[in-house]
Amino acid sequence: LSDFHGGECIGELNKYLDEADDSDLLIILGDIGLKFRDTEKNREFDELILSAKKKIAFIDGNHENFDFLETFDMGERYGAPVRVLSENVVWLQRGYVYEIDGNSFFAFGGCKSSDKWKPMGLHWTQEAPTEEQITRAYANLKARGNKVDYVITHKYERGGGTTVTHELREL
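Residues numbered from 1 in each chain as written. Predicted model: local features only at pLDDT ≥ 70, side-chain atom pairs only at ≥ 80, totals over all residues. Heavy atoms only, no water.

(A) Geometry of the nonpolar core. Within the largest apolar cluster, 24 residues are counted, with the highest numbers of intra-cluster contacts made by L13, L34, I49, I56, F58 and L85. Only helix 1 (10-19), strand 1 (25-29), helix 2 (40-50), strand 2 (55-59), helix 3 (66-69) and strand 5 (89-92) provide two or more residues apiece to this core. Per-element tally for this core: the top contributor is helix 1, with four residues. Residue contacts for L85: discarding those within four places in its chain leaves L34, L50, F58, L69, F72 and W91. The next biggest cluster of nonpolar side chains, apart from the first, holds twelve residues, and it includes I27, A80, V90 and A107. (Core = buried A, V, L, I, M, F, W, Y, C linked by side-chain atoms within 4.5 Å. Buried < 20%, exposed > 50% of the residue type's maximum accessible area, 1.4 Å probe, protein only. Helix = DSSP H or I, 4+ residues; strand = E, 2+ residues; numbered from the N terminus. Contact = heavy atoms within 4.5 Å.)

Here it is as structure tokens:
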């Protein structure tokens, strides 16, 4: 799942929370949208995520309140650094490989927003990958012989795309 945008897919999240057991892990592929907009629906979604009794991990997209997400402490889960939002909810960081249920997941979130979001105040500089994150990604992939079981990303652009996942595909 992806593109929750702070509550647009709250029904799907509720379904997971109702049906999942303790061994399940939901991985959200960006645009979770915590504290993204100040609406009743977004506040309800924030509460639902932050109090989740089931395991949730997510990568960031471009529609994130990075200032809010970066207030959470760093920790380690699945063999690499994460931001720990609650006992059951973690933010997987860009450029790391996570070992989950015997599989390796290379995580690289983020995406540059179109200019239409800037006037609405829904734009953060942290949405685009940094050189440090790109360097870390290459180093972590190289250390594994450029082999992982899964690549999880928010956005992949075909053709002349400039996203990091496009560049990494060439490895």
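Here the narrative resumes.
(B) View of the packing of aromatic side chains. The full count for this structure, using the stated rule, is five aromatic pairs. For the pair F58 and W91, a centre-to-centre distance of 6.3 Å together with 0° between the ring planes defines the contact as stacked. Within this pair, whereas F58 is found in strand 2, its partner W91 is found in strand 5, the two being separated by 33 residues in sequence. Ring plane angle 20° and centroid distance 4.9 Å describe the contact between F105 and Y150, whose orientation is recorded as stacked. Pair noted here: F105 is in strand 7 (residues 103-108) and Y150 is in strand 8 (residues 150-153), with a separation of 45 residues, a long-range link. Looking at F105, the relative accessible area reads 13%, which means it is buried. (Phe/Tyr/Trp six-rings, centres within 6.5 Å; stacked < 30°, edge-to-face > 60°.)

(C) Representation of the side chain of H63 in the model. Inspection of the secondary structure puts H63 in the loop between strand 2 and helix 3. What makes H63 buried here is its relative accessible area of 7%. Polar contacts involving the side chain of H63 include one to the side chain of N62, which spans 3.4 Å. (Polar contact = N/O pair within 3.5 Å; in protein donor to acceptor, adjacent residues only side chain to side chain.)

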